[in-house]
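# Notes for the structure review
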Amino acid sequence: MPYRSPGSPETPRPKYLTGKPIRYYRPRGSADIRTLIEDGFQAFNAARLGEACRIFTDKMLLPENDTTIGLTVAGALTPAGLGGCIVELMERGLVDFVISTGANLYHDLHYALNFTLHRGSPFVNDVELYEEGVIRIYDVLFPATVLLETDLYVRDFLVRSGLAGPVSTAELHYALGKDLLERQPGCQEYSVLAAAAAAGVPIYTSSPGDSSIGMNIAYHELMNDGTLMVDPNKDVNEVCAFILAGKKNGCVILGGGSPKNFYLQGQPTLWEVYGIPKGGNDYFIQITTDSVVWGGLSGATPAEAVSWGKVNPGVLPDTAVAYVDSTIGFPLFCEYVVGAPTGRRPLKELVHRRDELVAALKREAKEASKQHPQPDEPLETMPDLERHR
Ligand SMILES: NC(=O)c1ccc[n+]([C@@H]2O[C@H](COP(=O)([O-])OP(=O)(O)OC[C@H]3O[C@@H](n4cnc5c(N)ncnc54)[C@H](O)[C@@H]3O)[C@@H](O)[C@H]2O)c1
């Protein structure tokens, strides 16, 4: 088949786009779902999901723990309508920062811009879809024009925003979210990027070139001579600074992938690189379908993370991995959390504290560097992970 863009805007495509529109689902704290999780989820991965829910509500969210909570997002969650769960957690102050694949943020833009993605089937003829200009993400179907129009919005935004020079992805996404709030009033109800800007939640992308947002930033440089440059060093230091500032630290990891490590590497960045032994994560929750035996990071357990100083060795009871499709496990988790007495906290608004906290990281790292072994001295022991606890 000769190469061309999938379909054309003129092609009629009635057949595949008749499924119900996908809407962002907002969890409401259903008492029935809480009962199911408490009384019905008694063994195997159901019980692990129940443990994850209780670690989150009964420990991570306790006001006295003041846990700084990172949410990491991989897998096609916004296309599946799960952005509403993320919006709900952010609005309630239940996650303080987010690390996501670029794809989830790019596809969130379709919702923010009021384009429609449809429920469909994975058992379709993809050559026909291609002919008709329909894009498929497993069983989510939408016209290729949605991609083109979303790309146009991103490119217009890049010009309009005047963003230039090196920026962190949090700054980029904050500007994008503010732009959406201005141009699509009310869209914080159904857009992760807009809701994050409204709630002051910084959103990072661990591989910024690896999505259609990154593709359009590349266009901006090549075609507009734009100087905007996503600087991963800023991302690394900002995330590290949040973790350093946290009284306790905990994460909810959806899927795995590079967002998972980008969060977890914060602790090794502190002890291994900056010589600041923070002590490892206090809480670790993961909902994934990946398995440990392949040796990939997505499947790695909290126990393995202990060996890296990513998770504190004393807290393994406060970790849970549920081997569940996160399109099932995450909404259940959110229903439980939203219905819990601890299901709302004051917003930390870390997006506005990035400079201040990075400055604090720098001060502490400079101080620690005075005690670093010189390059010609052997490093005999790992720093004492308990020192700061
Ligand atoms: N055009 C775009 O914008 C676009 C579209 C798709 C993907 N991408 C890029 O491709 C890369 C890969 O993204 P990805 O989201 O496929 O992540 P990924 O393939 O890295 O997935 C990471 C892990 O998450 C787990 N996982 C995935 N879905 C899950 C689910 N439903 N339930 C439980 N666990 C699940 C799996 O264990 C998987 O190994 C990203 O960098 C993304 O930005 C870009």
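Here the structure is shown first, and the text comes after it.
The structure presented is a predicted model; accordingly, all values stated were derived computationally and were not measured.

## Considerations on helix α10 (residues 232-245)
Along an α-helix, residues three or four positions apart point the same way, because every turn accommodates 3.6 residues. Counted at 1.5 Å a residue, the expected span for α10 with its 14 residues is 20 Å, and the 20 Å between its end C-alpha atoms agrees. Listing the buried residues of α10 in full gives Asp-235, Glu-238, Val-239, Cys-240, Ala-241, Phe-242, Ile-243 and Leu-244. The distance from a side-chain oxygen at the start of α10 to the backbone nitrogen of Asn-233 is 2.9 Å, and the residue carrying that oxygen is Asp-231.

## Description of empty space enclosed by the protein
Applying the stated criterion to the full structure yields 4 cavities of 30 Å³ or more. There is about 60 Å³ of room inside the largest cavity. Lining the largest cavity we find Gly-102, Thr-169, Leu-172, His-173, Thr-205, Pro-208, Ser-211, Ile-213, Gly-214 and Ile-217. Elements with a contribution of two residues or more to the lining of the largest cavity: α7 (169-183) and α9 (212-224). Looking at the lining of the largest cavity, its residues break down into 4 nonpolar, 6 polar and no charged.

## Digging into the pairing of strand β1 (residues 67-73)
With 7 of 7 residues buried, β1 lies mostly within the body of the structure. Taking every second residue as pointing to the same face, both faces of β1 are buried, with Thr-67, Ile-69, Leu-71 and Val-73 on one and Thr-68, Gly-70 and Thr-72 on the other. The pairing of β1 with strand β9 (residues 248-254) spans 7 bridges and is classified as parallel. Paired with Thr-67 across the bridge in β9 is Lys-248. Across 4 bridges, β1 lies against strand β2 (residues 97-100) in parallel orientation.

## Details of the packing of α7 against helix α8 (residues 192-199)
In the contact formed by α7 and α8, the axes pass within 7 Å of each other and the chain directions differ by 100°. In terms of orientation, α7 and α8 fall into the roughly perpendicular class. Only Leu-193, Ala-194, Ala-197 and Ala-198 of α8 make contact with α7, whose side of the interface consists of His-173, Tyr-174, Leu-176, Gly-177, Lys-178, Leu-180 and Leu-181.

## Things to note about the nonpolar core
Side chains of nonpolar character tend, in soluble globular proteins, to be buried together. Core analysis: the largest hydrophobic core is formed by 73 residues, its most contacted members being Phe-56, Leu-172, Phe-330 and Phe-333. Look past the residues within four positions of Phe-56 in its chain and what remains in contact with it is Leu-61, Ile-69, Leu-94, Val-252, Ile-285, Phe-333 and Val-337. Core analysis: the next-biggest nonpolar cluster, separate from the first, contains 28 residues, Phe-97, Cys-251, Phe-284 and Val-315 among them.

## Notes on the layout of surface pockets
To find leftover empty space, a probe the size of one water molecule is rolled over the atoms. The space that makes up the largest pocket amounts to roughly 510 Å³. Surrounding the largest pocket, 22 residues form its lining, Ala-76, Ala-80, Asp-139, Val-140 and Thr-327 being those nearest its centre. Residue assignment for the lining of the largest pocket shows that the elements contributing at least two residues are β10 (283-288) and α14 (326-338). Looking at the lining of the largest pocket, its residues break down into 11 nonpolar, 7 polar and 4 charged.

## Focus: the sheet that holds β9
Strand order in the open sheet formed by 6 strands is β7-β2-β1-β9-β10-β11, and the pairing between neighbours is parallel. The open sheet has two edge strands, β7 (203-205) and β11 (319-323), and neither has a second partner. The mean inter-strand angle of the sheet, taken between neighbouring strand axes irrespective of direction, is 15°. Bridge count between β2 and β7: 3 bridges; the pairing is parallel. The residue bridging Val-98 from the neighbouring strand is Ile-203, located in β7. Helix α2 (residues 44-60) rests against β1, β9, β10 and β11 of the sheet, and its axis sits at about 145° to β11. Sheet strands in contact with α14 are β1, β9 and β10, and its direction is about 135° off that of β10.

Cut-off values and rules
- Residues numbered from 1 in each chain as written.
- Predicted model: local features only at pLDDT ≥ 70, side-chain atom pairs only at ≥ 80, totals over all residues.
- Heavy atoms only, no water.
- Helix = DSSP H or I, 4+ residues; strand = E, 2+ residues; numbered from the N terminus.
- Expected span 1.5 Å × (residues − 1).
- Buried < 20%, exposed > 50% of the residue type's maximum accessible area, 1.4 Å probe, protein only.
- Polar contact = N/O pair within 3.5 Å; in protein donor to acceptor, adjacent residues only side chain to side chain.
- 1 Å grid on protein atoms, 1.4 Å probe; cavity = no way out; pocket = protein on both sides within 12 Å on 5 of 7 lines; lining within 4 Å.
- Points joined across faces, edges and corners; volume = space filled by probe spheres on them.
- Nonpolar A, V, L, I, M, F, W, Y, C, P; charged D, E, K, R; others polar.
- Pairing = 2+ DSSP bridges.
- Axes fitted to C-alpha atoms, helices over the stretch in contact; angles between N-to-C directions.
- Parallel < 35°, antiparallel > 145°, perpendicular 65-115°, else oblique.
- Contact = heavy atoms within 4.5 Å.
- Core = buried A, V, L, I, M, F, W, Y, C linked by side-chain atoms within 4.5 Å.

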